[in-house]
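In case you want the letters, here they are:
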Amino acid sequence: MSIVTVTSSVSTRHRPAWFRALTYEAAFYSKTWRASVISSFLFPILYLSAMGIGVGHLVNAHTGLVEGHTYLHFVAPGLLAITAMQLSVGECMWPILAAIKWVRTYHAAVATPLEPGDLVTGKVSWLGARLFVTTAVYAVIIACFGATSSWTAIFLPFIGALIAVAFAAPLIAFSSRVESDVTFTMLFRFVVVPMLLFSATFYPVSQYPVGLRWIVQLMPLYHGVALCRSAAFGTGSPGPLLAHVSVLVAMAIVGYVVARRNLRRRLVS
Amino acid sequence: MPQVTSSLPLVRARGLTKDFGDFRAVNGIDFEISRGESFGFLGPNGAGKTSTMRMVSAVATPTAGDLSIFGLDPHHDGPAIRARLGVVPQEDTLELELTVLDNLLMFGRYFDLPRKLIKERATELLEFAKLTERAHDKCDNLSGGMKRRLTIARSLLNQPELLILDEPTTGLDPQARHLLWERLYRLKSDGVTLIITTHYMDEAEQLCDRLVVMDHGDIVAEGAPRELISQHSTREVLELRFPVDVTTPPIDVLSPLADRFEVLPDRVLLYVHDGDDTLRAVHAAGVTPVSALVRRSTLEDVFLRLTGRTLVD
Ligand SMILES: Nc1ncnc2c1ncn2[C@@H]1O[C@H](COP(=O)(O)OP(=O)(O)O)[C@@H](O)[C@H]1O
Ligand SMILES: [Mg+2]
């Protein structure tokens, strides 16, 4: 039996290399999703119950409505934004360094027709697609809680995908240069968690002293939270909405370009 | 492949150079590899073998020099070249969380092969790698030898014309090595061109039709294994060991008896035509080593001759 028939020519399909990387990510997820299902769905629901119902009772009893909504309704779209960011960021830290340094699977990938840039495109588009679906499920759940009050809530999955991509791209650029996972622990503690807390997620930006509001507005996540809230309630005016979208799109584009360059340097130098 | 191209070298390097910052890892080397050949790069750790392999697999960009693979320029046609290559890297790059079979099925996606075809080939290749029974085991649970065989199986999914193996058997026990060698013979007889790096001289002698000896980024010798040995060494070697308390062996007595000799920390090597004759002469001269061994010259001796160092230290 001959294992390699040198003369045989096989009709290969002609899907672009980045798309092959995307289907690889999807197939990998389909084989390993059980490990991440808890963080994908259970945590947001637990969060929602604890914050919305638990803290909500307290808030509603003391201050009444928050920006015209019960606390549960106020906080639910923000939690959707957090979920999209957190899952995306998690996939672009340890797993990227593992693929570069520990398990080294990216080195196997760039020995095939794929280029490092294809891996970036595959990863980013996969996270966009995955978080689209995840946030769609989440949107249905919060709608059941009564936390959406406008047809514009159908935009929530698109916003979830945009947040995922906007964080994934710069994070991949960053992780492509990291040498040790200690850096990720620091990044998580000093950047990700503060951003979760101070992006007007748990209370409105109007709660901050006027002089500090600009800090909140510098948080990339703030723009995602604001978009989610607008979509859920059908509020917001075109100017600020466009600004929020622009910030996220800019993060995605700049991050994507730098990520392609950094990963190339790391893998094929 | 049309017949006309088979006379052209499959890989051709001229002045191939790789720098890492100020450090030169590959120092302007020249070589040509023909279709169907099994070509070796023999050298100790740090010689520049991996750096060379990464350029020949159209992954790393050369700092200087010309390189053509299948007559194509890796700078412009990297993906097209890599579609026709199989690569077994020095360090394992398997998906440890996935099963053995899934590792193959998933990797086939990168070559955009139809799903059905990937499945067929994966089944064949598992058989080839003697891993059929382990198909549904998690890759993480395999032994080192099994992981290497799986990596080789994976590298064959796209039916490569050229298979590049970077230290395929380093760290394996003798049994696992021999099984791997046997699989590589089969590939060779199937017409696959092989490039193998190794720091084991027996591996190079067994597997390679032709090889280059690398040291410090340079090629210091080139030829068929037997050719290199007859060029750079004698027919036989007499190895003498002395008691540990003898710090300086009786060189002045031994040196006239041999064409050449090497004093290693644990033994003295006498390069001679007939080892048994020389051993009699050694005894006649009143020298009594603890043990004496007559063997044929190997590539290890060639390397020692050319660089003054052993391959594996
Ligand atoms: N990415 C790198 N950066 C800096 N130095 C490197 C890099 N890769 C290899 N080297 C150096 O280049 C030399 C040759 O390495 P390598 O090609 O791996 O040799 P071999 O495979 O023969 O052991 C070594 O001294 C090694 O330290
Ligand atoms: Mg090496």
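Residues numbered from 1 in each chain as written. Chains lettered and ligands numbered in written order. Predicted model: local features only at pLDDT ≥ 70, side-chain atom pairs only at ≥ 80, totals over all residues. Heavy atoms only, no water.

Draft legend 1. Representation of the site of ligand 1 in the model. Residues and elements named next belong to chain B. Close to ligand 1 lie Phe20, Phe23, Ala25, Pro44, Asn45, Gly46, Ala47, Gly48, Lys49, Thr50 and Ser51, which account for all nearby residues. The contact in question runs from an oxygen atom of ligand 1 to an N or O atom on the side chain of Ser51, over 2.6 Å. With the chains in place, 61% of the 560 Å² that ligand 1 exposes on its own is no longer accessible. Of the residues forming the shell around ligand 1, the biggest block, three residues, is contributed by helix H1 (residues 49-56). Looking at the shell around ligand 1, its residues break down into five nonpolar, five polar and one charged. (Near = heavy atom within 4 Å. Polar contact = N/O pair within 3.5 Å; in protein donor to acceptor, adjacent residues only side chain to side chain. Areas by Shrake-Rupley, 256 points an atom, 1.4 Å probe, with all protein chains shown as cover. Helix = DSSP H or I, 4+ residues; strand = E, 2+ residues; numbered from the N terminus. Nonpolar A, V, L, I, M, F, W, Y, C, P; charged D, E, K, R; others polar.)

Draft legend 2. Main features of the domain arrangement of chain B. Here the domain parsing of chain B yields domain 1 (11-229) and domain 2 (234-296). Each of domain 1 of chain B and domain 2 of chain B has a C-alpha centre, and the two are 39 Å apart. (Domains from an automatic or database assignment.)

Draft legend 3. Spatial organisation of the pattern of salt bridges. Residue and element names in this part refer to chain B. All told, the structure shown has 35 salt bridges over all chains when counted by the stated rule. Note that Asp202 is salt-bridged to Arg177, the shortest N-O span being 3.4 Å. In this pair, Asp202 is assigned in helix H7 (residues 201-207) and Arg177 in helix H6 (residues 174-189), connecting sequence segments 25 residues apart. Ionic pairing is found between Arg226 and Glu205, a salt bridge with its closest N-O pair at 3.9 Å. Residue Arg226 is found in helix H8 (residues 225-232), and its partner Glu205 is found in helix H7; the two are separated by 21 residues along the sequence. Looking at Glu205, the relative accessible area reads 25%, which means it is partly exposed. Connected through salt bridges with shared partners, the residues Glu239, Arg241, Asp266, Arg267, Arg295 and Asp301 form a single ionic network. (Salt bridge = Lys/Arg side-chain N within 4 Å of Asp/Glu carboxyl O. Buried < 20%, exposed > 50% of the residue type's maximum accessible area, 1.4 Å probe, protein only.)

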